[in-house]
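An overview of the molecular structure
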Amino acid sequence: MALVDHLGITVGDLEQGRAQFDPVLTALGYEFGSEAEGGISWHHGDETEIIIFAPRDEDTGPHVHGRVGWQHLAFAVDSRDEVDRLHAVAVAAGWTVVREPRIFERFSENYYASFVEDASGVRVEFMHNLPRAS
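Residues numbered from 1 in each chain as written. Predicted model: local features only at pLDDT ≥ 70, side-chain atom pairs only at ≥ 80, totals over all residues. Heavy atoms only, no water.

1. Structural notes on the packing of helix 1 (residues 14-27) against helix 2 (residues 80-92)
What counts is decided by this rule: Where helices are involved, their axes are fitted lines through C-alpha atoms of the stretch in contact, as for all axes, and angles between N-to-C directions lie from 0 to 180°. Secondary structure elements follow DSSP: runs of H or I no shorter than four residues count as helices, runs of E no shorter than two count as strands, and numbering proceeds from the N terminus. Any angle that falls under 35 degrees is termed roughly parallel, while one over 145 is termed roughly antiparallel, one within 65 to 115 roughly perpendicular, and all others oblique. Note on convention: near helix rotated counterclockwise from far helix by under a right angle means a left-handed crossing. Clockwise means right-handed. The contact criterion used is simple: two residues touch if any of their non-hydrogen atoms lie within 4.5 Å. Residues are grouped as follows: Ala, Val, Leu, Ile, Met, Phe, Trp, Tyr, Cys and Pro are nonpolar; Asp, Glu, Lys and Arg are charged; all remaining types, including Gly, are polar.
As a packed pair, helix 1 and helix 2 sit with axes 9 Å apart at the nearest point and diverge in direction by 160°. As summarised for this structure, helix 1 and helix 2 are arranged roughly antiparallel, according to the angle between their axes. When the axes of helix 1 and helix 2 are compared, the crossing they make is right-handed. Residues Pro23, Val24 and Ala27 of helix 1 lie in contact with helix 2, whose contacting residues are Glu82, Arg85, Leu86, Val89 and Ala90. In the contact of helix 1 with helix 2, the residues fall into 6 nonpolar, no polar and 2 charged.

2. Comments concerning the environment of Glu82
Tracing the chain through its elements places Glu82 in helix 2. Distance from Glu82 to Ala27, taken between C-alpha atoms, is 9.7 Å for residues 55 residues apart in sequence.

3. Some details on empty space enclosed by the protein
Which parts of space are left empty comes out when a probe the size of a water molecule is rolled across the atoms. In plain terms, the rule: The method works on a 1 Å grid over the protein atoms by themselves. A cavity is a set of points holding a 1.4 Å probe that cannot get out, a pocket is an open set with protein on both sides within 12 Å along at least five of seven lines, and residues with an atom within 4 Å of a point line them. Grid points are joined across faces, edges and corners, and a volume is the space filled by probe spheres set on the points.
In this structure the tally under the stated criterion is 1 cavity of 30 Å³ or more. Looking at the largest cavity, its volume works out to about 30 Å³. What lines the largest cavity is Ile9, Phe21, Val24, Leu25, Ile50, Leu73, Phe75, Trp95 and Val124. For the lining of the largest cavity, the element with the most residues is helix 1, which contributes 3 residues. Per-class residue counts for the lining of the largest cavity are 9 nonpolar, no polar and no charged.

Listed below in structure tokens is the structure:
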């Protein structure tokens, strides 16, 4: 099975991106990897690496959700409490709340999630979804 090896995300301001991404990725179990070539990376063991990059063009503006391009990245976690904890970490790091933690019945009666956006309009979801009752 093919797995995502790494994910690169361009942010409007690299230092602000570091300030917002580092607490969240650290709380998710990622470790700081390196800083080089206009990017900062974190890795999760041998699993997916996440890299943020400075913009190449000065006039790109923040991403707008719903336009062509980035939709969101969802992190599946082990409990509702973990969703709540990660949501609080993101908010404390300056992420904007898009949707507070709650059940999203349109996905399933057990789908508990929150959504946040960084200063560049990058949207992240923290979610926990128990299997449907049989």
